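# Chains, contacts and geometry: an overview
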Amino acid sequence: MSNMKRRYTTAAAMMMVMGLCASASAAFDENLNDYTLDTIVVEADAVKNKFGDTITEQSYYRTGGDVKVITREEIEKRHYTDVTEAIKRIPGVTFQNCGYRGGEYGYNSFNNSMSINGDSRVIILVDGRRIDNSTSTRFGSTTNGGTRTMADLNQVISVEAVDKIEVIKGPGASVYGADATGGVINIITRKGGQENKGSIDLATGSWHKHIYNLSYSGSAGNDGSWHYFVSANRNMASNSKYKDGVTGNNYTYEGTNYKEEGVNLRVDKDFNEKQNLKIWYDHQNGKDGYPITARNYKYWSQEGWDQTLDNKYNGVPKKDNPGYRNFFSLDALCGSYNSYKSNDVDVTFTFDKDNGMDSFIRVYNQNHHYWGRDIIPAWEKGWGFPDNPNFKDFMATQGPFDMSPTSVRDEKNRGVQLQYGKSVGVNDLLASLTYDKAKTYTRSYKRADKVWKTAIVERDSILGFVQDKVHINDKWDLTPAIRYSHYGTFDNTSEDGSASSVNNSSSSTITPTINTQYAFDDTMSAYFGWTKVYRPVKAGDLSLQDNKLWNGMKLEDEKGDVWTFGLRKDISDKTSLAVHYDWTNMSNAVTSYSVMTKIVNNVPQYENRAVNAKETKKSFNITADHKFDEHWNLGLSYTHMKDKWKAKNGMDFDPDISLDKNSNVNALINSYRPANYYSANLSYENGRWYTGLLANLYSGCDTSLYTSSSFLVFDWNLNYEVNKDLTAYITVNNLTNEAYENTALYTYGPGAAPQPGRCIMVGMKYSF
């Protein structure tokens, strides 16, 4: 297998070199032949500005930067089933997840996150509106223990309601906030056009996976000034299968079943060319299985189970008990689950438009509800080995199980935003102010008292910015800006009803930023950006117990600087090249580390603590595109990233950064993800036929964590237009049934978080 992996790596490297010598692509945006911009269809040559940027309804916020746009046409041709699947092809965007959709909210057994150029401080937006909640504990209650990305992309909105997805690398736009260090995912929703039309999209395939999508849109009123879009969707599957990287065999991943549904409605009233009212409503709900980990089949036997159980009860640490993760099979077999339900409303009145800038007032209300149950509270010896014939009989004596949730989280977020833009000569002035009120209710069931107890965390925030996009000349734009961030105190109501505020949790700061781009000629442009970073810590960071902190020091908000550089070059009318580089220097970041806490007999003693430290992150990616002819297109990319943490505040980091020191971020952060990402995106279109092949190569994986040092994964799809109203298609994810992972946890060993195996879907889309 190792020889095969080396051949994969060599082939990918040769492919990249050949592609870069022959061609390249700054765009990396597919299907720009026919493009809808706010219900107006424009030609391909009109969707790029003089700097080579793809224009969208939101592009007036940006100056330079590496921005990729996924269009509605691409979504439909590639048949992406969710937002994650759509953006995973973007160079620099990486995912680390556990191989299934569910997961225990507020607890990260794996680094369940998305990052851009290696930084998970990523902001998610819908139509330019932030959807995060400043009091959320959904992805870990503390900054040092959880991902920085405060949203699950697949639970934000159905891909059926998405018109475009902007992926902005780095903090390339002032409007998105001082904490968008890694970048921004901006989802632009679909708006009804003049023509009344609808579609039904049905697909079925592997693992009893079924997808149902329905949409209808159009206009109303005597003058056609009312526009509407409505969609409904359902996505469901039973337990997936995967190929185990240790044994090479295929297995069923127990507990990975799911069922998710959604409804989206958008109504627009165009009063004139400059005034518009938008009413948007989105509902999502789902119930996802929660298996925690896959089994370690080297110990999946009666003998292995007994040995692992003896180790557990004799106090052997999990990391020294390699079969330990097999106990989680009991959770999966008994139906552990997590559920969610969200209802979001956004009402926006645009009262003026000037040179591409919208002036508007927006009110929004987000209600997100999460609950779940871990069915087995403890692993008792009486359960026995699950493959033992007596197991089902024993399990039956324990049921029926109480499926009611043991914990519930309600996250509420509401606010108002005012934005005003005015063009004055060569200056495009844009200002915005947002007041946001966030609240999280955490309800837990107290078995001893048989009652529910509720704790509440509240926080108000005010976020604003003023920017001036200066058109210095026909070739040069310069955009300086200042951002204001005010976060109120964390106001707590404990389970006993007493109210309090977390001391020193209120903060206000002003952060500057500057972005510029320059067009050397029609074929070449460059951009540069610098920003001050400010990111408040979570509520849990400010209430950690002293024994979890270094010398009892409270964690402080994250601060630093980010520099972004980029260059685009059209080598010919068929080929282009883009290079992007990020350098992040955090003077005050939050993490966990093994630090010296005392000296005993002249020997330093190190313990895991939540700390403020220095972080340096460097990332680089290069993209290339080549149009062979009117039918064939090829996109290539390479991404590399690396982090390094240093001590501050007089602390001493543990010099031993081996992986068995689980808390040492310098050992983990670069080992828990592949060091290199290669991608090739090949498409062919001719008449009624369209096909696309996406190849992703992950290399530089630590084999003490992963089952291999590299993974090569293919996704393929084929469309055939039966007639103007009917399209038949097939999609295959993980075409070669590769055994691979994109995250790991040292405690449970390689292969604990496998990605799904080959999944084949066939479908039909009917338009009417």
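Residues numbered from 1 in each chain as written. Predicted model: local features only at pLDDT ≥ 70, side-chain atom pairs only at ≥ 80, totals over all residues. Heavy atoms only, no water.

### Topic: the overall build of the protein
A tally of helices and strands in the protein yields seven helices and 35 strands. Put simply, the protein has 768 residues, and 55% of those count as buried. Within the protein, contacts between residues separated by at least 24 positions form 69% of all contacts whose residues are at least 6 apart in sequence. Carbon together with sulfur atoms contributes 54% to the accessible area of the protein, which is approximately 31300 Å² in total. (Helix = DSSP H or I, 4+ residues; strand = E, 2+ residues; numbered from the N terminus. Buried < 20%, exposed > 50% of the residue type's maximum accessible area, 1.4 Å probe, protein only. Contact = heavy atoms within 4.5 Å. Areas by Shrake-Rupley, 256 points an atom, 1.4 Å probe, with all protein chains shown as cover.)

### What about the pattern of salt bridges?
Tallied over the entire structure, the rule returns 34 salt bridges. Note that R130 is salt-bridged to D179, the shortest N-O span being 2.8 Å. Highlighted residues: R130 in strand β7 (residues 129-130) and D179 in the loop between β8 (162-169) and β9 (183-189), separated in sequence by 49 residues. Taken as a pair, R130 and D179 share a single burial class, namely buried. The partner of D270 in a salt bridge is K191, with the nearest N and O atoms 3.4 Å apart. Residue D270 is found in strand β15 (residues 258-270), and its partner K191 is found in the loop between β9 and β10 (197-205); the two are separated by 79 residues along the sequence. Its relative accessible area of 22% is what places D270 among the partly exposed residues. (Salt bridge = Lys/Arg side-chain N within 4 Å of Asp/Glu carboxyl O.)

### Focus on unusual backbone geometry
A positive phi angle is found at N551, which is not glycine, with a value near 55 degrees. Judged by its relative accessible area of 57%, N551 is exposed.

### Focus: the packing of aromatic side chains
Any two aromatic rings considered together are summarised by their centre-to-centre distance and by the angle between their planes. Tallied over the full model, the rule gives 33 aromatic pairs. On the basis of an interplanar angle of 65 degrees and a centroid distance of 5.0 Å, the ring pair of W300 and F385 is categorised as edge-to-face. Within this pair, whereas W300 is found in the loop between β16 (276-289) and α4 (302-313), its partner F385 is found in the loop between β18 (357-373) and α6 (391-398), the two being separated by 85 residues in sequence. Both residues of the pair, W300 and F385, belong to the buried class. Through a chain of ring-to-ring contacts, the aromatic side chains of Y100, Y242, Y251, Y253, Y297, W300, W305, Y324, F327, F328, F385 and Y748 assemble into a single cluster. Geometry around Y337 places K287 over its ring, the cationic atom sitting 4.5 Å from the centre. (Phe/Tyr/Trp six-rings, centres within 6.5 Å; stacked < 30°, edge-to-face > 60°. Lys NZ or Arg CZ within 6 Å of the ring centre and 35° of its normal.)

### Considerations on the sheet that holds strand β3 (residues 66-71)
Read from one edge to the other, the open sheet built from five strands follows the order β3-β8-β9-β6-β7, with strand pairing classed as mixed. Two strands in the sheet have a free side with no partner beyond their single neighbour: β3 and β7. Across six bridges, the pairing between β3 and β8 is antiparallel. Within β8, the position partnered with V67 by the bridge is I168. (Pairing = 2+ DSSP bridges.)

### A few points about the pairing of β10
Where β10 lies against strand β11 (residues 209-220), nine bridges are found, and the strand directions are antiparallel. Counted as the bridge partner of T204 is H210 from β11. As judged from the seven bridges shared by β10 and strand β35 (residues 759-767), these two strands associate in the antiparallel manner. The residue bridging D201 from the neighbouring strand is K765, located in β35.

### Side note on the confidence of the model for the protein
For the protein, the mean per-residue pLDDT works out to 87, and 90% of the residues sit at or above 70. Residue range residues 1-27 is modelled with pLDDT below 50. Its contacts to residues more than four positions away, or to other chains, number 55 contacts. (pLDDT = per-residue confidence, 0-100.)

### Thoughts on the environment of N338
With respect to the helices and strands, the residue N338 is situated in strand β17 (residues 337-354). Distance in space between the C-alpha atoms of N338 and S407 is 10.0 Å, their sequence separation being 69 residues.

### Remarks on the environment of W226
Counting through the fold element by element, W226 comes out in strand β12 (residues 226-237). Remark: the alpha-carbon pair of W226 and G193, spanning 33 residues in sequence, is separated by 9.2 Å. Residue contacts for W226: discarding those within four places in its chain leaves G218, S219, A220, V267, D268 and K269.

### Observations regarding α4
The first and last C-alpha atoms of α4 sit 17 Å apart over twelve residues, in line with the 16 Å expected at 1.5 Å per residue. Along α4, the residues classified as buried are G304, W305, T308 and L309. For α4, the angular spread of buried residues about the axis comes to 130 degrees, placing them on one side. At its buried positions, α4 is contacted by α5 (329-333). (Expected span 1.5 Å × (residues − 1). Arc of directions from axis to C-beta.)

### A closer look at a positive patch on the surface
Together, K614, K618, K642, K644 and K646 make up a positively charged patch on the protein surface. Among the elements of the structure, β29 (603-627) and β30 (632-646) are those that each provide at least two residues to the positive patch. Residue contributions to the positive patch peak at three residues, all from β30. When you line up the elements, K618 lands in strand β29. In this structure K618 comes out as partly exposed when scored by relative accessible area, which is 44%. (Patch = residues over 30% accessible without salt bridge, like charges linked within 9 Å, V, L, I, M, F, W, Y side chains within 5 Å. Lys, Arg positive; Asp, Glu negative; His and termini not counted. Charge placed at Lys NZ, Arg CZ, Asp CG, Glu CD.)

### Regarding a nonpolar patch on the surface
There is a patch of nonpolar side chains on the surface, built from I200, L202, Y212, L214, Y216, V230, L265, Y281, V345, Y766 and F768 and spanning about 890 Å² of accessible area. Those elements giving two or more residues to the nonpolar patch turn out to be β10 and β11. In terms of residue count, the dominant contributor to the nonpolar patch is β11 (three residues). As for its position among the elements, L265 is in strand β15.

### Overview of the environment of A455
As for its position among the elements, A455 is in strand β21 (residues 451-473). The contacts of A455, once residues within four sequence positions are left out, are T440, Y441, T442, T493, S494 and E495.

### Brief notes about the pairing of strand β28 (residues 575-600)
Every other side chain in a regular strand lies on the same face of the sheet, so the side chains alternate between the two faces. Where strand β27 (residues 558-570) and β28 come together, twelve bridges link them in antiparallel fashion. In the sheet register, L567 faces β28, and the bridge partner there is V579. In this antiparallel pair of consecutive strands, β27 and β28, the connection spans four residues. Once β28 ends, the chain turns through two residues before running back antiparallel as β29, passing N601 with a positive phi of about 55 degrees.

### A few points about the nonpolar core
With 28 residues, the main nonpolar core has I87, M114, I124, L153, I165 and I185 as its most contacted residues. At the level of elements, α3 (83-87), β4 (93-96), β5 (113-116), β6 (122-126), β8 and β9 are the ones that each hand at least two residues to this core. Once residues within four sequence positions are removed from consideration, L153 is found in contact with V83, T84, I87, F95, M114, I124, I185 and I187. If you look at the next biggest cluster of nonpolar residues, it comprises 24 residues, including A294, W305, I375 and F391. (Core = buried A, V, L, I, M, F, W, Y, C linked by side-chain atoms within 4.5 Å.)

### A closer look at the side chain of K169
Within the fold, K169 resides in strand β8. Owing to a relative accessible area of 0%, K169 belongs among the buried residues under this scheme. Among the polar contacts listed, one links the side chain of K169 to the side chain of D66, at a separation of 3.0 Å. Reaching out from K169, the side chain makes a polar contact with the side chain of N621 at a distance of 3.2 Å. Once residues within four sequence positions are removed from consideration, K169 is found in contact with D66, K68, I90, P91, G92, I116, N117, G182, G183, H580 and N621. (Polar contact = N/O pair within 3.5 Å; in protein donor to acceptor, adjacent residues only side chain to side chain.)

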